[in-house]
Amino acid sequence: MSPETAKSLETKNKLLEGALRTLTEQGIAKTSARTIAATAGVNQALVFYHFGSVDELLSAACHYGAEQAVARFRLRLATATSLAELLAVGREIHEQERAGGHVALLGQLLAGAQTHAGLGPATAAGLDLWITEIEGALVRILAATPFGEFVDPRGLARAVAASFVGIELYEGVDEDGARAALDALEQLGALVAALEDLGPVAQRAVRHRLRRARPGV
């Protein structure tokens with residue numbers, strides 16, 4: 001890699017990180033080429049040189065931030081062996097994302113999607129990175145349970161992601177309520193674990209009952 005290319009990549013990363021920090025610390029209303037460049041410590045003209053527009057930079061920063069966050073937890077999600085463990089990882093993700101200011105960032109991205117056309121698809125694409133990892137974990141974990149054939153991992157992964165997004169935003173107005181919601185999810189995980197521990201006869205009875213409960217059966 002040539003020195004020019006290395007310096008260009010360094011500047012782009014500064015701008016991406018500067019955009020995320022500006023959104024988190026100052027909010028979408030005060031996020032501009034000037035404020036992003038000041039946060040990144042670079043010339044304002046470089047925003048347009050590297051990304052063309054502020055909206056394009058914000059879209060790229062959204063994806064960049066999501067990739068960084070997912071990378072920190074990819075191994076944990078890939079090695080979870082039960083729903084209870086997966087929910088525990090989810091709670092850890094929630095705590096770290098909140099401590100790092102990423103919950104506030106998500107709120108700004110969702111708010112900004114109303115006025116910045118590119119932010120909606122970019123935010124959705126960032127969430128899809130999480131959903132892909134969650135779906136992979138659910139496919140593997142559910143296959144070993146009596147519920148594997150009755151659950152759509154793709155849909156469930158989106159439901160889990162949407163639940164955590166909602167809890168993260170809800171926590172800003174009712175911290176105790178958000179904690180209770182996370183506790184309730186863990187209780188569901190414990191119930192599933194209890195059903196998994198049933199003997200073969202009981203598990204066959206559960207499968208039979210679930211098949212009969214399917215719509216159209």
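Here, every reference points to the structure presented above.
Source: prediction; values computed, not measured. (Residues numbered from 1 in each chain as written. Predicted model: local features only at pLDDT ≥ 70, side-chain atom pairs only at ≥ 80, totals over all residues. Heavy atoms only, no water.)

Caption draft 1: Structural context of the overall build of the protein. For the protein, the count of helices and strands is 10 helices and zero strands. Sequence-ordered secondary structure for the protein, helices as α and strands as β, is α-α-α-α-α-α-α-α-α-α. Judged by the C-alpha coordinates and their principal axes, the protein covers about 70 × 45 × 30 Å. With 217 residues in all, the protein has 36% of them scored as buried. (Helix = DSSP H or I, 4+ residues; strand = E, 2+ residues; numbered from the N terminus. Buried < 20%, exposed > 50% of the residue type's maximum accessible area, 1.4 Å probe, protein only.)

Caption draft 2: Local environment of the packing of helix α4 (residues 54-79) against helix α7 (residues 119-142). Interaxial distance between α4 and α7 falls to 8 Å at its minimum, and their mutual angle equals 10 degrees. Taken as axis vectors, α4 and α7 run roughly parallel relative to one another. Classifying every residue of the contact of α4 with α7 by side-chain character gives 14 nonpolar, five polar and four charged. (Axes fitted to C-alpha atoms, helices over the stretch in contact; angles between N-to-C directions. Parallel < 35°, antiparallel > 145°, perpendicular 65-115°, else oblique. Nonpolar A, V, L, I, M, F, W, Y, C, P; charged D, E, K, R; others polar.)

Caption draft 3: View of the packing of helix α6 (residues 102-112) against helix α8 (residues 153-170). The geometry of α6 relative to α8 is characterised by a closest axis approach of 9 Å and an angle of 105 degrees between their N-to-C directions. When the interaxial angle is binned, α6 and α8 end up roughly perpendicular. Residues Val103, Leu106, Gly107 and Leu110 of α6 lie in contact with α8, whose contacting residues are Val165, Glu168 and Leu169. (Contact = heavy atoms within 4.5 Å.)

Caption draft 4: How the structure looks around the environment of Glu56. Summarising the element assignment, Glu56 is placed in helix α4. With a relative accessible area of 48%, Glu56 lands in the partly exposed category. Placed 61 residues apart in sequence, Glu56 and Ala117 show a C-alpha to C-alpha distance of 9.8 Å.

Caption draft 5: View of the layout of surface pockets. Volume-wise, the largest pocket comes out at about 1,100 Å³. In terms of lining residues, the largest pocket is bounded by 45 residues, among which Trp130, Ile134, Val160, Ala161 and Phe164 are the most central. Only α1 (3-26), α4, α5 (83-99), α6, α7, α8 and α9 (175-196) provide two or more residues apiece to the lining of the largest pocket. Element by element, the count of residues in the lining of the largest pocket is highest for α8, at eight residues. Partitioned by chemical class, the residues of the lining of the largest pocket number 28 nonpolar, 11 polar and six charged. (1 Å grid on protein atoms, 1.4 Å probe; cavity = no way out; pocket = protein on both sides within 12 Å on 5 of 7 lines; lining within 4 Å. Points joined across faces, edges and corners; volume = space filled by probe spheres on them.)

Caption draft 6: Inspection of the pattern of salt bridges at higher detail. Inspection of every chain in the model, using the stated rule, returns 12 salt bridges. Between Glu133 and Arg74 there is a salt bridge, with the nearest N and O atoms lying 3.0 Å from each other. Note that Glu133 is positioned in helix α7 and Arg74 in helix α4, a separation of 59 residues in sequence. Residue Glu133 is classed as buried on the basis of its relative accessible area of 18%. (Salt bridge = Lys/Arg side-chain N within 4 Å of Asp/Glu carboxyl O.)

So yeah, pure geometry; function would need other evidence.
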